[in-house]
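Structural overview for review
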Amino acid sequence: MAGDGIGFAEALLGLDGFRVLGVGDLDGEVVVLIETTAERVGCSGCGVVAEAQDRMEVEVRDLACFGRPARLRWAKRRWRCREPLCDKKTWTEETPHVSPRSVLTRRAGADACRRVGEEARPVSRLARELGVSWSTVMDAVVEHGTPLVEDPGRIGPVRQLGVDETSFLRAKPEHPTRFVTGLVDLDRRVMIDLIEGNAAGDVRAWLGGRPDGWLAGVATVATDLHEPYRNGLSPHLAHAQRVADPFHVVGVANRCLDTVRRRVQQETLGHRGRKRDPLYRIRRVLLRGAERLDERGNRRMLLALRVGDPKDEVLGAWLAKESVRDVYLAENPADATTLLDKAIVGCAADDVPEIQALGRTLTSWRTEILAHHETGASNGPTEALNLLVKKVKRCGHGFKNFDHYRLRVLLHTGGVKWDAPPTARIRARSPHSFA
Ligand SMILES: [Zn+2]
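Residues numbered from 1 in each chain as written. Predicted model: local features only at pLDDT ≥ 70, side-chain atom pairs only at ≥ 80, totals over all residues. Heavy atoms only, no water.

1. Describing the side chain of N386
Mapped onto the secondary structure, N386 falls in helix 16 (residues 380–395). The class for N386 is buried, based on a relative accessible area of 11%. Here N386 is in contact with D164 and T166, once residues within four sequence places are set aside. (Helix = DSSP H or I, 4+ residues; strand = E, 2+ residues; numbered from the N terminus. Buried < 20%, exposed > 50% of the residue type's maximum accessible area, 1.4 Å probe, protein only. Contact = heavy atoms within 4.5 Å.)

Here you go:
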């Protein structure tokens, strides 16, 4: 171990190729004066031994030191080539510890990337903590995060794939709502990728970029009832069994019920739902599962329907919704088939146009809906991941740059391996040691 103060400082700093000239304190910050140890440098243009010209001082932010912010003040050397015929003239030295033009050491950048990615912390907060600009931190996230996300080993083989859309940018006068499509490994519960758009072509293009062996390994694909996704799976995943995600199937029935309720509300009272309107008051009760309604809830619902639903249209939509939910109570594929076909027949027999439309959707997705009972596949894990995505989204305060958004979502939910150096354990002192 080093015995003098400078030696101590160099051991603490741990940047090879640098020596410490002094350590100071500036408003609670640790300031370390450093220079490189290089004495003889060859010109990269001609190889002639270069001549030291002068130094310029640059400051870079490093990892905090014993809980205090630390900055390195680097007396950066400028070299000159003495060879008159060489074009190189002068240059400043570089180090692998600091990326060119960055004001963060690479290790501080890697740590910032981990905190933004793994912990989903806002870039702006880290920038404030480090005393650097937002773009300095974001550059570090891109520099250190991109290799982690683009690592070909990250995705791995996928047996059950989930495809799910989320909104990326809300509609504005300049553009409609923009959607992105998340691709999830349902077994590992990891977001393998995020693609811009939710059209068939977007999904197909992504699948087209996968190796044949990877595509062949995908046995099932769970999607919501979004027609473009179904189309986008061909031709690359035509062999996989398609499953309509139960959550979204019930969601379609819920939306049908909501639409009918709003229309009947408007037709009977001539205005949108208000606090005292009977249908508005039961809007949540209607969407609750029948088995979760107690007697009081049941009575409240029936009474409101009697008052607010003169032609039993809302009641019809509620029954249709319940008939769809029943499909998922079935214990075997045969019962599920019977129940789904009953729901379809029931919807077709109803004269409410919204309910008829629900019946057509169920017919169109019949195979995929029933496939859930055979495979057990659902986008349940996707929904859990969507919560993590929302966390990233919230801390980004509205992303505009899709690439940044994708990077940060995948760093947080994409199964990235963060390498933390193994740390030897220090055991707590036990009373026995003193015995
Ligand atoms: Zn030269």
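Read on for the rest.
2. A short note on the coordination of the zinc ion
Note on metal sites: the ideal angle is 109.5 degrees for four tetrahedral donors, and 90 or 180 degrees for six octahedral donors. The protein atoms that coordinate the zinc ion are C43 (SG), C46 (SG), C81 (SG) and C86 (SG), at distances spanning 2.3 to 2.4 Å. With four donor atoms in place around the zinc ion and angles of 96 to 114 degrees between them, the coordination shape is tetrahedral. Expressed as a motif, the donor residue spacing for the zinc ion is C-x2-C-x34-C-x4-C. Here C46 falls in the partly exposed class, since its relative accessible area comes to 36%. (Donors = N, O, S within 2.8 Å, 3.2 Å for Na, K, Ca; no water. Tetrahedral: all angles 85-135°; square planar, octahedral: opposite > 155°, others 65-115°.)

3. Digging into the sheet that holds strand 9 (residues 220–223)
With mixed pairing, five strands are arranged side by side in an open sheet as 8-7-6-9-10. Sheet topology places strand 8 (190–196) and strand 10 (241–244) at the edges, where each strand pairs with a single neighbour. If you compare each strand with its neighbour and ignore which way they point, the axes differ by 25 degrees on average. Running over the sheet, helix 5 (residues 200–208) touches strand 7 (178–185) and strand 8 and is turned about 125 degrees from strand 8. Contacting strand 6 (160–169), strand 9 and strand 10, helix 15 (residues 366–375) crosses the sheet at an angle of about 105 degrees to strand 10. (Pairing = 2+ DSSP bridges. Axes fitted to C-alpha atoms, helices over the stretch in contact; angles between N-to-C directions.)

4. A closer look at the confidence of the model for the chain
Detailed reading of the predicted coordinates is not advisable wherever pLDDT falls low. In the predicted model, the chain carries a mean pLDDT of 91, and 97% of its residues have values of at least 70. Confidence scores differ between elements of the chain, with helix 16 showing the lowest mean pLDDT of 81 and helix 14 (residues 353–364) the highest of 97. (pLDDT = per-residue confidence, 0-100.)

5. Re helix 12 (residues 313–327)
Taking 1.5 Å per residue, 15 residues should reach 21 Å; helix 12 reaches 22 Å between its end C-alpha atoms and fits that length. Most of helix 12 is tucked away: 12 of the 15 residues are buried. When helix 12 is considered as a whole, its buried residues turn out to be E313, V314, G316, A317, W318, A320, K321, E322, S323, V324, R325 and V327. (Expected span 1.5 Å × (residues − 1).)

6. Concerning the nonpolar core
Within the largest apolar cluster, 38 residues are counted, with the highest numbers of intra-cluster contacts made by V137, V141, F168, M191, Y405, V409 and L411. Breaking this core down by element, the ones donating at least two residues are helix 2 (106–117), helix 3 (123–130), helix 4 (134–150), strand 6, strand 7, strand 8, helix 16 and helix 17 (402–413). Looking at this core element by element, the count peaks at six residues for helix 17. Ignoring anything within four residues of it in the chain, the contact list for M191 reads R154, G182, L183, V184, L385, V389, V409, L410, T413 and G414. Counting residues in each nonpolar core, the second largest holds 36 residues, with L225, V252, V260 and A317 among its members. (Core = buried A, V, L, I, M, F, W, Y, C linked by side-chain atoms within 4.5 Å.)

7. Focus: the pairing of strand 7
Among the eight residues that make up strand 7, six are buried, leaving the element largely enclosed by the rest of the structure. In the sheet, strand 6 pairs with strand 7 via eight bridges, with the strands oriented antiparallel. Residue pairing in the sheet places V163 in a bridge with L183 of strand 7. In this structure, strand 7 lies alongside strand 8, joined through six bridges in antiparallel fashion. The residue bridging V184 from the neighbouring strand is M191, located in strand 8. The loop that links strand 7 with its antiparallel partner strand 8 comprises four residues; one of these, R189, has a positive phi angle of about 60 degrees.

8. What to know about the pattern of salt bridges
In this structure the tally under the stated criterion is 36 salt bridges. Taking the shortest distance from any N to any O, the salt bridge between E119 and R114 comes out at 3.0 Å. Here E119 falls in the partly exposed class, since its relative accessible area comes to 35%. The residue R406 makes a salt bridge to E150 at a minimum N-O spacing of 3.0 Å. Highlighted residues: R406 in helix 17 and E150 in helix 4, separated in sequence by 256 residues. By relative accessible area, R406 is classed as buried at 17%. According to the relative accessible area criterion, E150 is partly exposed, its value standing at 44%. What you see here is one network of salt bridges that share partners, running through D111, R114, R115, E118, E119, R121 and E129. (Salt bridge = Lys/Arg side-chain N within 4 Å of Asp/Glu carboxyl O.)

9. Here we look at the environment of V30
Structurally, the position occupied by V30 is in strand 2 (residues 29–36). Separated by 37 residues in the primary sequence, V30 and G67 have C-alpha atoms spaced 9.9 Å apart. Apart from the residues within four sequence positions on either side, V30 is in contact with V23, G24, C65, R68, P69, A70 and R71.

10. Side note on the packing of helix 8 (residues 246–269) against helix 14
One can describe the packing of helix 8 onto helix 14 by two numbers: an axis separation of 9 Å at closest approach and a directional angle of 165 degrees. As far as their axial angle goes, helix 14 and helix 8 are roughly antiparallel. Relative to helix 14, helix 8 is oriented so that their crossing is right-handed. For the pair helix 8 and helix 14, contact is made by V249, V252, A253, C256, T259, V260 and R263 and by E354, I355, L358, T361 and L362, respectively. (Parallel < 35°, antiparallel > 145°, perpendicular 65-115°, else oblique. Left-handed = near helix turned anticlockwise from the far one by under 90°.)

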